[in-house]
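Architecture at a glance
Letter by letter, the chains look like this.
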Amino acid sequence: MAAPASRQVRRRARAAPRARSAEDWWWDRLAPSGSGYHLLPSDSMLLVLSEPGPARTRAQRRAVRRTPRQPTPGHAAAKPKATLRPDPAPSPVPAPTPEEGPDAGWGDRIPLEILVQIFGLLVAADGPMPFLGRAARVCRRWQEAASQPALWHTVTLSSPLAGRPAKGRVKAEKKLLASLEWLMPNRFSQLQRLTLIHWKSQVYPVLKLVGESCPRLTFLKLSGCHGVTADALVMLAKACCQLHSLDLQHSMVESTAVVSFLEEAGSRMRKLWLTYSSQTTAILGALLGSCCPQLQVLEVSTGINRNSIPLQLPVEALQKGCPQLQVLRLLNLMWLPKPLGRGVAPGPGFPSLEELCLASSTCNFVSNEVLGRLLHRSPNLRLLDLRGCARITPAGLQDLPCRELEQLHLGLYGTSDRLTLAKEGSPLLTQKWCHTLRELDLSGQGFSEKDLEQALAAFLSTPGGSHPALCSLNLRGTRVTPSTVSSVISSCPGLLYLNLESCRCLPRGLKRAYRGLEEVQWCLEQLLTSPLPS
């Protein structure tokens, strides 16, 4: 007998499950209550029926199945009855105290004078910027301390947008100039050292502000600046009566502007830095004319691009024009000293000279005779840099009057291949200055193995039994032997730099530069344990 139609419909409905919707999910979460439905908790899905109701729905049956089963009273473990304890007496509530104000911190309690001294130590180590600018934003007390003009004694002003198009750079320089109009009188009133880097169009307005607001200026450096006129330098020389140092290296400055400045402030000039060009002759002519009798430091260099125009500088005229010179640096120049005529007495010399640098990347024309004319009355010389001076011999150095030389640089870099170098004479140098030498550079020299062994043996025994002062030794490209190197390391405990690159007599693996005491001692251990090269 066929089943009724209604029963067949119910069977098909149970056999074919339908897709669940969001409405079905919410209805499954609802349970019937006496007054309607309430939402079941999601963690336990507990359904509580207060009174018997109609037959359970599918959602109700699923909720009951998910409810954790409780143990029956017969199977539950017997638990001892808890004894009732009286409630403890409530603790007394402390009386409210008046609220204290916020702690201002040590920055406000420290005296202003002490805070300025602390800032001064940081400024002396790292400069005023960016520390003072950041410290001024901490609090009012720090702003007051950072605003003290005594802290702004050294300032470097670099042009913004260096290397950008000229139009944008000029606009940025004008914007910075507007800030300097307030900074100069309010912060830079005690400025002593000023450096301008890569200023192209606003040099004169900046120097005018300096002349109006910085009467204590002593040092001015213009690096990579353009448009430096004679009016600007003369105005600055008249306004800053304490200005005694001028650095114009790598700046485009007319020789007439420098000469006008030296004529105005030459009597008080102490230090002068110049970049050699075709216009330097006029400036050196002013120096030879005794316009700067108190000059102590003179440096003339060509920078990276070497100038092929030879420099003719009369030694005796310079000694008369600058008798107080202490530092003379003629760097990377093709110097052609004028010969001393027959019967002409030697010049007055440089009695106060302590440093002479004639270093050059190529061979120059400085000889023993020229070196003697320069230093024949310089007993206080401490530093002698003759790198590239291949015509200087140990015999010419031995005749110098200085007895306490500390740094001697005789390295030849790229020039020794086409020259006939001396193979003997290095002991003359070390025997004369072994007790005072701290730095010795013999790189590229052609001294023989035996000659170098005798020269460096001078450091084995020093007068008074004290250790040698040698801390830097450059033997790059020489014929030094392993036994000589190990002996000099053992006798010089303060040796911190040793260059053994391209030393053909040393074992492979040791031909390099050693920096620091640990590396130098490691080199000694390797030399003592390594087999001698065949």
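Residues numbered from 1 in each chain as written. Predicted model: local features only at pLDDT ≥ 70, side-chain atom pairs only at ≥ 80, totals over all residues. Heavy atoms only, no water.

- By the naming in an unreviewed UniProt entry, the protein chain goes by F-box/LRR-repeat protein 6 and is assigned to Rhinopithecus roxellana.
- Taken from UniProt, the Subunit (unreviewed entry) comment for the protein chain reads in full: "Directly interacts with SKP1 and CUL1."
- Turning to the protein chain, the UniProt annotation filed under Function (unreviewed entry) states: "Substrate-recognition component of the SCF (SKP1-CUL1-F-box protein)-type E3 ubiquitin ligase complex." (UniProt positions renumbered as here; feature names shortened; annotations may be inferred.)

Here we look at the overall build of the protein chain
- The helix and strand inventory of the protein chain stands at 19 helices and 16 strands.
- Looking at the protein chain as a whole, 41% of its 534 residues qualify as buried.
- Pairs at least 24 residues apart make up 74% of the contacts formed inside the protein chain by residues separated by at least 6 positions. (Helix = DSSP H or I, 4+ residues; strand = E, 2+ residues; numbered from the N terminus. Buried < 20%, exposed > 50% of the residue type's maximum accessible area, 1.4 Å probe, protein only. Contact = heavy atoms within 4.5 Å.)

Brief notes about the pairing of strand β5 (residues 219-223)
- Counted residue by residue, β5 has 4 buried out of 5 residues, so it is predominantly covered.
- Read as a crossover between parallel neighbours, the route from strand β4 (residues 193-197) over helix α9 (residues 203-213) to β5 is right-handed.
- Judged from the 3 bridges that link them, β5 and strand β6 (residues 245-247) form a sheet pairing that is parallel. In the sheet register, F219 faces β6, and the bridge partner there is S245. (Right-handed = clockwise from strand over helix to strand, strands pointing away. Pairing = 2+ DSSP bridges.)

Observations regarding empty space enclosed by the protein
- One pass over the full model with this rule turns up 1 cavity of 30 Å³ or more.
- Approximately 40 Å³ is the volume attributed to the largest cavity.
- Around the largest cavity, the lining residues are L330, L333, W335, L358, N364 and V366.
- In terms of residue class, the lining of the largest cavity is built from 5 nonpolar, 1 polar and no charged. (1 Å grid on protein atoms, 1.4 Å probe; cavity = no way out; pocket = protein on both sides within 12 Å on 5 of 7 lines; lining within 4 Å. Points joined across faces, edges and corners; volume = space filled by probe spheres on them. Nonpolar A, V, L, I, M, F, W, Y, C, P; charged D, E, K, R; others polar.)

Let's talk about the environment of N332
- If you trace the backbone, N332 turns up in the loop between β9 (327-331) and β10 (355-357).
- The class of N332 is buried, set by a relative accessible area of 14%.
- Residues N332 and T302, spaced 30 residues apart in sequence, show a C-alpha to C-alpha distance of 6.1 Å.
- Side chain to side chain, N332 and S361 meet in a polar contact 2.9 Å long. (Polar contact = N/O pair within 3.5 Å; in protein donor to acceptor, adjacent residues only side chain to side chain.)

Side note on the packing of aromatic side chains
- A full pass over the atoms with the stated rule returns 5 aromatic pairs.
- Between the aromatic rings of W152 and F188, the centroid separation amounts to 5.8 Å while the plane-to-plane angle is 45°, which identifies the pairing as tilted. Of this pair, W152 sits in the loop between α7 (140-146) and β3 (154-158) while F188 sits in the loop between α8 (166-186) and β4; the two residues are 36 residues apart in sequence, bridging distant segments of the chain.
- By relative accessible area, F188 is classed as buried at 2%.
- Ring centres of F219 and W273 lie 5.9 Å apart, and the angle between their planes is 80°; on these two criteria the pair is classed as edge-to-face. Separated by 54 residues along the polypeptide, F219 in strand β5 and W273 in strand β7 (residues 271-275) bring together distant segments of the chain.
- A relative accessible area of 7% places F219 in the buried class.
- Using a relative accessible area of 14% as the deciding quantity, one classes W273 as buried. (Phe/Tyr/Trp six-rings, centres within 6.5 Å; stacked < 30°, edge-to-face > 60°.)

Remarks on the environment of R373
- Residue placement: R373 occurs in helix α14 (residues 368-375).
- When the C-alpha positions of R373 and E316 are compared, they lie 7.9 Å apart, and in sequence the two are 57 residues distant.
- The residues contacting R373, other than those within four sequence positions of it, are V315, E316, Q319, K338, P339 and L340.

Considerations on the packing of helix α16 (residues 426-433) against helix α17 (residues 449-456)
- For the pair α16 and α17, the least separation of the axes is 8 Å and the interaxial angle reads 5°. When the axis of α16 is compared with that of α17, the two are roughly parallel. Along the contact surface, α16 presents S426, P427 and T430, while α17 presents D451, L452, Q454 and A455.
- Among the residues forming the contact of α16 with α17, the class breakdown is 3 nonpolar, 3 polar and 1 charged. (Axes fitted to C-alpha atoms, helices over the stretch in contact; angles between N-to-C directions. Parallel < 35°, antiparallel > 145°, perpendicular 65-115°, else oblique.)

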